Structure formats: structure tokens, C-alpha cells
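# Remarks on the overall topology
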Amino acid sequence: MLYTSTRDKSIRVSSAQAIAQGISDEGGLFVPCELPEFSIDKIAAMASMPYTERAKTVLREFLTDFTEEELEYCVSGAYRADKFSSPAIAPTVNVDGNKNILELWHGPTCAFKDMALQLLPYLMTVSAKKTAEGKEIVILVATSGDTGKAALEGFKDVDKTRILVFYPVDGVSPMQKLQMTTQEGKNVAVCAINGNFDDAQSAVKSIFTDADIKQTLAEKNMMFSSANSINWGRLVPQIVYYFSAYCDMLNMGKISAGDEINVVVPTGNFGNILAGYYAKQMGVPIKKLICASNSNNVLTDFLKTGMYNRNRDFYTTTSPSMDILISSNLERLLYHMSGEDDKLVSSLMSSLSADGKYTVSEELIGKIQAVFDAGFASEADVDATIKSHFDKYNYLCDTHTAVAVKVYDDYVAATGDDIPTVIDSTASPYKFSKSVLTAVLGGNTPELDEFDMVEELNKVTGAAVPAPLASLKSKQIRFENVCNKEDMADMVFSLLNIN
């Protein structure tokens, strides 16, 4: 299995090179040159496997330069039973009829990013030994909330790595901020920026491709890599849980082998739903991938019209991990759907950088719409959905999951397409206690601090509080740095102690 770049398809690299490097030199994203195919019989056979074996079955096809021993080391280390609160790792729970919730938040940071970021450090370590022996890998991360903590936890004290995380100073929940600023580990650092997630992400991509900065690191025997979903090693583990969810649906008797399902994903950066697209292309019988946005509905508008335009008001919402106007992974979809037209992708990304927008052809958006549908949920919709689902089903959604549930309900009402459906649940409701509690109480927000909010939400709903969040109360804040977006490169050098 070889990988190429979305902006230069003449490139050919191994999976280890793609993972260690993170992003292609010209700024493109690594994608597989071809996708493996799974028969329905092969998928059905995975139903009897535990999650670790399902993961190895899928990952083996993409990591062909990894030995079987290396693959076992990575997967068994990432998905250890003591790291996840559910023995299923990512359980699928039936809520009502054909509505099923894929709970992706049972890992150590209580967010779906753990599904990939518990594995990525292992993939990175093995990849670096193959391609960058002796170098110290500097993981540079921009986060809208969940990626930062999951990456910090995953890379904490991993040998020959440093990890630097930047987050928008007012763009994460109090619990997300606490998770990052109290992070333990000798090789970690965290800094807030005056700006939003898109500002942080754009600066990180600029730093990645700056020749002078890369040269300075090289002189110190360091190299950059990424833990954002621009890194193929972050994206490929996410493909696994769509195979796993289909297997769960088989085991639950909700479908028979070969039956189609729909998948609904709350997303801002498009990586999570793109993983579902790859699973569909590989053979998982997914009929529609339904993209759910919050009030920052740039993706919904694109999928409905073919115009991507980030020149719009930016909203700070109760689902902050989706407060994004530049969806990096859409670039990968455009490459695949355009027939691997790297020149077109380069042109579209240049337009996005220069003008903040681009428009694709009617033919291309037509191909995309054959696979994807989309909708968005307002803040009022999110609150109403959290309350109604708790009242009706005794199921407590976080704010991001509520976006997806609302969009799914709207999709069924508009289309009548109510086949068995998997809805991604991306975070524990306790990561957003104030918003969830306010919704459950019908708009009444108690005057409580963050941890009292957690206790009150537990008292009102009876939903168990995840141990990693409960333990935050006693931790000391380690990181209080704040910088402007234009000063991020200098901050990187400062955090690395490079003059």
C-alpha cells in the first residue's frame, strides 16, 4: 500500500513515511493510492471478533510495511482494557427503533479522538524507527477542544517525541481547557491563542511548510509531524469503528449481512465523516453519509450548493469542537471524487487560501451529493434535542451528539429514509456539563462552578461521571501561556527552548 498527495499525485511514499511526515512537502494531504476491498462475508466474519481484532483486520490492509508483530504492538497497546470504560471499546447502543448511537467516548479523555489518538503514538513510534531513526518528533497540534487533550494524553512521555498544543483562548469548554492546562508529562506544552480554531490551524499548516523553520528544527535533529486529522495515521484508525458498528448492528439483530445502513456524523473538520466514506468505499454497506453541522454550517452549505465559503460570521457555540470554518479533510474527498485531479485540488485550495472560497463543478457536487446529505442544528435545536431524548429515552447526549440526532430526525422527516442508522456520539455529556445541564433543566442554568455542575448533572440524570473527568478537580494548572496567531512560530521555538 503506497500513499500519494492530494496536490501532487506523482508522489509515492510508504504508510510509515506518510505517518511520520504528517503532511506532504507542498502542503497536500497523504491519501492511499488505492483502497482495499472487503466482501460482505469478510465483514460479517468480523462480527465475532473483539474490537482489537476488528482493528487489526482493517489496519493490516493499510499498514503493509508494518510487521504482524508491530501491528499487534500498536493495536494491543492502544486499546488496552484499562484505558477504556467499556469492554466493547466503541459500543453501539440502540436508542429507539432504527436509531442507534455509536459511543466513541469511552477512552481516557472521554472524546472520540481517543479512538485514533491512543493508537497514533504507537504508529508514530514504529514509523519513526523506519523512516526517521534518531530524530526527535515534534507533534504540532491545533485543537478546537478534544484533539488537544487526546493528543497530549496519547503522546505523554512517549520517547523521542515532544507535543505542542494550541487552542483558541475562548473557544473551548471549561472542562476541555482544564483537561489541557493540567496535562501531565515531561514532553508536553500547551498555549492558548487570541483567535479561533481556524486561525490556529492555518498557522500550524504554515509552520509545517515553512522551509526556514524546518531547517532550524533539522539542525537540532528534530522534525515536525501532526496529530491532527491531516495526518493519515490519525484518520485510518477512525475507519475501523465504522466496520465495528456494522458488526455490532449484525450482532444486535438490527440488520442482516448485506443490508444497508445510514451513518450520521457531527463534524467540523470533516475527518470523522471522511473515515465513514472510506469504509463505504471499502465495502461497508452504507447508503448515505449524513453530515451534521452546528451554526457554523459551512459544510452543509457546500454539500447543498457546491460552494465552499468561509467568509461568514463565526459562532462560538455549545458544541465547540465543531466551531470550524476551514474543513481540512474535505480536500481528501475532493481529490477522490474528482478522479484524483491533483491540479484541481491545488487550485481549489489556493482559492480558499487567497479568497476564502471556491466553487466546484455541477458534475463534481452531483457525485458528492449521491453519497452525502447534510443539515445543521441551531443552539435552540441542540438544547431541545438533549432534553427530549433524555425525557423520552433516558439517554443523555452531549451537545455535539445532539447536533447529529437533530439532523438525523430532520433527514428522516424530509426523506422518509428511516433504515437502520448509526449516529456518532463524539463526547461524554460531562465534558459540557453546563450546556447539557441547562438543556435538561429546560433553560435554567444553576449558578455553580464547573465541578458542581458535574455533580448536579449526575444528581439530576443519574448518568455516571467518567473517572478521568472527576479526577481533574484535584489537579494543578501547569500551562497559562497565551499568544497571538502571528506569534505562534516564535512560541513554538520558545516551548522547544530553541533560540
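Below is a summary of the structure that appears in this document. Everything numeric here is computed off the predicted structure, so don't read it as measured data.

On to helix α15 (residues 342–355). Between its first and last C-alpha atoms α15 spans 20 Å; for 14 residues at 1.5 Å apiece the expected length is 20 Å, and the two agree. Of all the positions in α15, only Asp342, Val345, Leu348, Met349 and Leu352 are classed as buried. Down the axis of α15, the buried set is contained in an arc of 125 degrees. They therefore lie on one face. Exposed side of α15, more than 90 degrees from the buried face: Lys343 and Ala354 are the residues found there. Residues of α15 that are buried make contact with β2 (8–13), β12 (307–309), α14 (330–337) and β13 (357–359). Measuring from the backbone nitrogen of Lys343 back to the side-chain oxygen at the start of α15 gives 3.3 Å, which picks out Asp341 as the cap. Phi turns positive one or two residues past the end of α15, at Gly356, with a value near 80 degrees.

We now examine the layout of surface pockets. In this approach the atoms are scanned with a rolling probe the size of a water molecule, which exposes any empty space left behind. Its boundaries defined by the atoms lining it, the largest pocket holds a volume of some 470 Å³. Along the wall of the largest pocket there are 20 residues; nearest its centre are Arg7, Ser202, Lys205, Met349 and Ser353. Those elements that place two or more of their residues in the lining of the largest pocket are α9 (197–208), α14 and α15. The leading source of residues in the lining of the largest pocket is α9, at four residues. In terms of residue class, the lining of the largest pocket is built from seven nonpolar, eight polar and five charged. Taken as a whole, the second largest pocket encloses approximately 320 Å³ of empty space. Lining the second largest pocket are 22 residues, and of these Trp105, His106, Ser428, Ala464 and Pro466 lie nearest its centre. Of the residues in the lining of the second largest pocket, the class split is 14 nonpolar, six polar and two charged.

Attention now moves to the sheet that holds strand β3 (residues 30–32). Taken in spatial order, the three strands line up as β2-β1-β3 in an open sheet, and their pairing is antiparallel. A strand with exactly one partner marks an edge of an open sheet, and here the two such strands are β2 and β3. Taken pair by pair, the neighbouring strands of this sheet meet at an average axis angle of 40 degrees, ignoring direction. Two elements, strand β1 (residues 3–5) and β2, share two bridges in a ladder whose sense is antiparallel. Following the sheet pairing, Ser5 is matched in β2 by Asp8. Each of β1, β2 and β3 is contacted by α14, which is oriented at about 45 degrees to β3, the strand it contacts most.

With that settled, consider the environment of Cys74. Here Cys74 lies in helix α4 (residues 68–78). On the basis of relative accessibility, which here comes to 0%, the residue Cys74 falls in the buried class. For the pair Cys74 and Lys42, spaced 32 residues apart in sequence, the C-alpha separation works out to 23 Å. In this structure, Cys74 is in contact with Phe66, Leu119, Tyr122, Leu123 and Val126, ignoring residues within four places of it in sequence.

Quick notes on the rules
Residues numbered from 1 in each chain as written. Predicted model: local features only at pLDDT ≥ 70, side-chain atom pairs only at ≥ 80, totals over all residues. Heavy atoms only, no water. Helix = DSSP H or I, 4+ residues; strand = E, 2+ residues; numbered from the N terminus. Expected span 1.5 Å × (residues − 1). Buried < 20%, exposed > 50% of the residue type's maximum accessible area, 1.4 Å probe, protein only. Arc of directions from axis to C-beta. Contact = heavy atoms within 4.5 Å. Polar contact = N/O pair within 3.5 Å; in protein donor to acceptor, adjacent residues only side chain to side chain. 1 Å grid on protein atoms, 1.4 Å probe; cavity = no way out; pocket = protein on both sides within 12 Å on 5 of 7 lines; lining within 4 Å. Points joined across faces, edges and corners; volume = space filled by probe spheres on them. Nonpolar A, V, L, I, M, F, W, Y, C, P; charged D, E, K, R; others polar. Pairing = 2+ DSSP bridges. Axes fitted to C-alpha atoms, helices over the stretch in contact; angles between N-to-C directions.

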